[in-house]
Amino acid sequence: MPDTPQTLMVIGAHAGDAENMAAATVLKHTRAGHAAVILHMTLGEAGHPSLLPEVYAEQRKQEVAESARLMGARAIWLAYRDGELPMSDEVKLQVCDLIRQERPTTILTHWRGSCHKDHVATHEIVRDAIFYASLPALRRDQPAHRVCGVYFPENWEDMDGWRADLYLDVTDVWPDYLAVLRSHEFIRGGVSSFRYLEYYDALGTVRGCLSGFAKAAALMLQPGAWVRRLRHLPGLEPVGR
Ligand SMILES: [Zn+2]
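Residues numbered from 1 in each chain as written. Predicted model: local features only at pLDDT ≥ 70, side-chain atom pairs only at ≥ 80, totals over all residues. Heavy atoms only, no water.

**Structural notes on the pattern of salt bridges**
Thinking step 1. Within the structure shown, the criterion is met by 16 salt bridges.
Thinking step 2. With a closest N to O distance of 3.1 Å, Glu 58 and Lys 61 form a salt bridge. In this pair, Glu 58 and Lys 61 are both assigned in helix 2 (residues 53-71), three residues apart and thus about one turn of the helix distant.
Thinking step 3. A residue is classified by how much of its surface remains accessible, and Glu 58, at 43% relative accessible area, is partly exposed.
Thinking step 4. Among the residues examined, Lys 61 registers a relative accessible area of 28% and is labelled partly exposed.
Thinking step 5. Arg 69 is the salt-bridge partner of Glu 66, the closest N and O atoms lying 3.0 Å from each other. Within this pair, Glu 66 and its partner Arg 69 are both found in helix 2, separated by three residues, close to a single helical turn.
Thinking step 6. What makes Glu 66 partly exposed here is its relative accessible area of 30%.
Thinking step 7. It is possible to trace a salt-bridge network through shared partners that takes in Lys 92, Glu 124, Arg 127 and Asp 128. (Salt bridge = Lys/Arg side-chain N within 4 Å of Asp/Glu carboxyl O. Helix = DSSP H or I, 4+ residues; strand = E, 2+ residues; numbered from the N terminus. Buried < 20%, exposed > 50% of the residue type's maximum accessible area, 1.4 Å probe, protein only.)

Listed below in C-alpha cells is the structure:
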C-alpha cells in the first residue's frame with residue numbers, strides 16, 4: 001500500500017479511447033486517492049457526419065475536459081491529426097518528456113493488435129517512450145523516470161491477440177463510468193454506427209460474470225509479465241516448514 005498518492009497515466013489514440021477503455025479503472029484509483037493524467041494523442045476530430053474537423057475538434061476539447069472533470073483527472077492532448085499520427089522519434093520523445101514530467105507509476109494504453117493505424121502507432125510510441133523515459137543517459141529537461149506497470153485495457157478495435165489477464169472490480173464506479181462515456185457525442189450515438197455505450201456497458205457485465213464481480217474491467221499484462229519465479233508449485237511447498 002503506497003504512503004503517498006501515485007499517478008496513473010492513460011494514453012489513447014483519439015479523444016474517447018482512453019475513456020472507453022479505462023475510465024472505470026481511472027475512477028477506481030482517483031477515488032482511492034491517486035492522481036490520473038489522460039493523454040490523447042489526437043482529438044479524434046475526423047469522421048463526424050456533419051461537422052467540419054476544425055469545428056468538431058473544438059467540441060472534442062470540451063468533451064475531454066468534461067470527462068476528465070468527471071474522472072477527477074487531468075486531460076492533455078497533442079496537436080496530431082486524427083488518422084495521421086506519425087510513428088517518429090520526435091513523437092516518442094514528446095511522450096517521453098510527458099512521462100518524465102508526470103512521473104506515473106502505471107501506464108495504460110492500446111494493445112498493438114488493432115484494426116486502427118493510430119492505435120497501433122500509439123502502442124509503439126508509448127512502448128518506446130517508456131523506454132526512453134527510463135534511460136538516465138538520454139538527457140532531457142526532466143530526469144529519467146521508470147514506470148512500474150504497463151497494462152492494455154480492453155478496446156473493441158484492439159482485440160487481435162488481446163487477452164484478459166486481470167479483472168478489476170469496478171462495480172462501485174460503474175454509474176460514474178457511464179456518465180463519463182455520455183460526455184462524448186460519438187459514444188452517446190449519432191456519429192458512428194458502432195453502439196459504443198451499449199457495447200461497453202454490456203462488456204462490464206460480461207467481464208463481471210467471468211470474474212465474480214457485478215461489473216469488471218479486464219486488462220492485459222505486458223507479454224512476459226505473468227512469468228513467476230517459484231521454488232515449489234503453489235500448495236506443494238515443503239511439508240512442515
Ligand atoms: Zn481510436
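**So, the packing of helix 1 (residues 17-30) against helix 2**
Thinking step 1. Interhelical geometry of helix 1 versus helix 2 gives an angle of 35° and a closest axis separation of 9 Å. Residues Glu 19, Ala 23, Val 26, Leu 27 and Thr 30 of helix 1 pack against Val 64, Ser 67, Leu 70 and Met 71 of helix 2.
Thinking step 2. Residues belonging to the contact of helix 1 with helix 2 are distributed by class as follows: six nonpolar, two polar and one charged. (Axes fitted to C-alpha atoms, helices over the stretch in contact; angles between N-to-C directions. Contact = heavy atoms within 4.5 Å. Nonpolar A, V, L, I, M, F, W, Y, C, P; charged D, E, K, R; others polar.)

**Some remarks on the sheet that holds strand 2 (residues 35-42)**
Thinking step 1. The strand order across the open sheet formed by seven strands is 3-2-1-4-5-7-6, and the pairing between neighbours is mixed. Each having just a single partner strand, strand 3 (74-80) and strand 6 (166-169) make up the two edges of the open sheet. Strand-to-strand twist across the sheet, computed as the mean angle between neighbouring axes with direction ignored, equals 30°.
Thinking step 2. Its contacts with the sheet place helix 7 (residues 196-211) against strand 6 and strand 7 (216-221), and it is angled at close to 75° to strand 7. (Pairing = 2+ DSSP bridges.)

**Focus on the coordination of the zinc ion**
Thinking step 1. The zinc ion binds to the protein through His 14 (ND1), Asp 17 (OD), Asp 17 (OD) and His 119 (NE2), with metal-donor distances spanning 2.1 to 2.8 Å.
Thinking step 2. Geometry at the zinc ion is irregular, judged from its four donor atoms and the angles of 51 to 139° they form at the metal.
Thinking step 3. Within one chain, the residues donating to the zinc ion are spaced in sequence as H-x2-D-x101-H.
Thinking step 4. The exposure class of His 14 is buried, given its relative accessible area of 8%. (Donors = N, O, S within 2.8 Å, 3.2 Å for Na, K, Ca; no water. Tetrahedral: all angles 85-135°; square planar, octahedral: opposite > 155°, others 65-115°.)

**Description of the pairing of strand 2**
Thinking step 1. Where burial is concerned, most of strand 2 is hidden: seven out of the eight residues are buried.
Thinking step 2. Pairing of strand 2 with strand 3 involves five bridges; the strand directions are parallel. Of the residues in strand 3, the one forming a bridge with Ile 38 is Ala 75.

**Quick look at the nonpolar core**
Thinking step 1. By size, the foremost hydrophobic cluster in this structure holds 31 residues, and its most contacted members are Val 10, Val 26, Ile 38, Met 71, Val 170 and Tyr 177.
Thinking step 2. Contributions of two or more residues to this core are made by strand 1 (7-14), helix 1, strand 2, helix 2, helix 5 (174-182), helix 6 (185-188), helix 7 and strand 7.
Thinking step 3. In this structure Val 26 touches Leu 8, Val 10, Ala 36, Ile 38, Met 71 and Ala 73, once residues within four positions along its chain are discounted.
Thinking step 4. Within the second largest apolar cluster, 29 residues are counted, among which are Met 9, Leu 39, Ile 107 and Val 147. (Core = buried A, V, L, I, M, F, W, Y, C linked by side-chain atoms within 4.5 Å.)

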